[in-house]
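# Observations on chain architecture
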Amino acid sequence: MPHDPHYDSARHKAWREKVLRKSGYLCEECKRYGRMVSASHAHHIKPRSTYPELAFDVGNGMALCTRCHNKIEPRYGTPPPLGRRF
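In this report, the structure presented in the accompanying data block is examined. Just so it is clear, the structure is predicted and the values come from calculations on it, not from any experiment.

The next thing to look at is the environment of Lys13. As for its position among the elements, Lys13 is in helix H1 (residues 10-22). Setting aside anything within four residues of it in sequence, one finds Lys13 in contact with Tyr7 and Asp8.

As structure tokens, then:
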């Protein structure tokens, strides 16, 4: 997958920090199941490609650990087995 320069911008880095801080630097998906796992990714809930106006809206971001991010965004990791939903 080609590198997207958007992720290198100061504006994106500030947005990412705000999203992670909002969640207390914990994965929001893991928290739903009572697990306290450090978050390392700020994920756009509504994709930037479809909703560019929400690219820097903190409300459109959720903090995720690498494992959960790869489940939501299979292009970044191994897709979940068939029949398993996130």
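Having seen it, we continue.
Moving on, we come to the pattern of salt bridges. Taken as a whole, this structure holds two salt bridges when the rule is applied. Asp4 is the salt-bridge partner of Arg48, the closest N and O atoms lying 2.3 Å from each other. Placement of Arg48 in the loop between strand E1 (41-44) and strand E2 (61-64) and of Asp4 in the segment before H1 is noted, with a sequence separation of 44 residues between them. With a relative accessible area of 25%, Asp4 lands in the partly exposed category. The closest approach of N and O atoms between Arg32 and Glu29, which form a salt bridge, is 2.7 Å. Highlighted residues: Arg32 and Glu29, both in helix H2 (residues 28-32), separated by three residues, approximately one helical turn. For Arg32, a relative accessible area of 59% puts it in the exposed group.

Negative phi is the rule for most residues except glycine; trans is the rule for most peptide bonds. The backbone phi angle of Tyr25 is positive, close to 60°, even though this residue is not glycine. Of note, Tyr25 is situated in the loop between H1 and H2. Residue Tyr25 is classed as partly exposed on the basis of its relative accessible area of 35%.

A few words on the environment of Trp15. Turning to its location among the elements, Trp15 is positioned in helix H1. Once the C-alpha coordinates of Trp15 and Ala55 are considered, the two residues, 40 residues apart in sequence, prove to be 8.7 Å apart. Ignoring any residue separated from it by four or fewer positions in sequence, one finds Trp15 in contact with Ala42, His43, His44, Ala55, Phe56, Asp57, Val58, Asn60 and Gly61. Here Asp57 takes part through its backbone oxygen, which lies 3.0 Å from a polar atom of the side chain of Trp15.

Scanning the model with the defined rule gives zero aromatic pairs in all. If you follow Lys46 out to its NZ or CZ, it ends over the ring of Tyr51, 5.2 Å from the centre. Taking NZ or CZ as reference, Arg48 lies 5.2 Å from the ring centre of Tyr7, over its face.

Calculation criteria
Residues numbered from 1 in each chain as written. Predicted model: local features only at pLDDT ≥ 70, side-chain atom pairs only at ≥ 80, totals over all residues. Heavy atoms only, no water. Helix = DSSP H or I, 4+ residues; strand = E, 2+ residues; numbered from the N terminus. Contact = heavy atoms within 4.5 Å. Salt bridge = Lys/Arg side-chain N within 4 Å of Asp/Glu carboxyl O. Buried < 20%, exposed > 50% of the residue type's maximum accessible area, 1.4 Å probe, protein only. Polar contact = N/O pair within 3.5 Å; in protein donor to acceptor, adjacent residues only side chain to side chain. Phe/Tyr/Trp six-rings, centres within 6.5 Å; stacked < 30°, edge-to-face > 60°. Lys NZ or Arg CZ within 6 Å of the ring centre and 35° of its normal.

These figures capture arrangement, not role.
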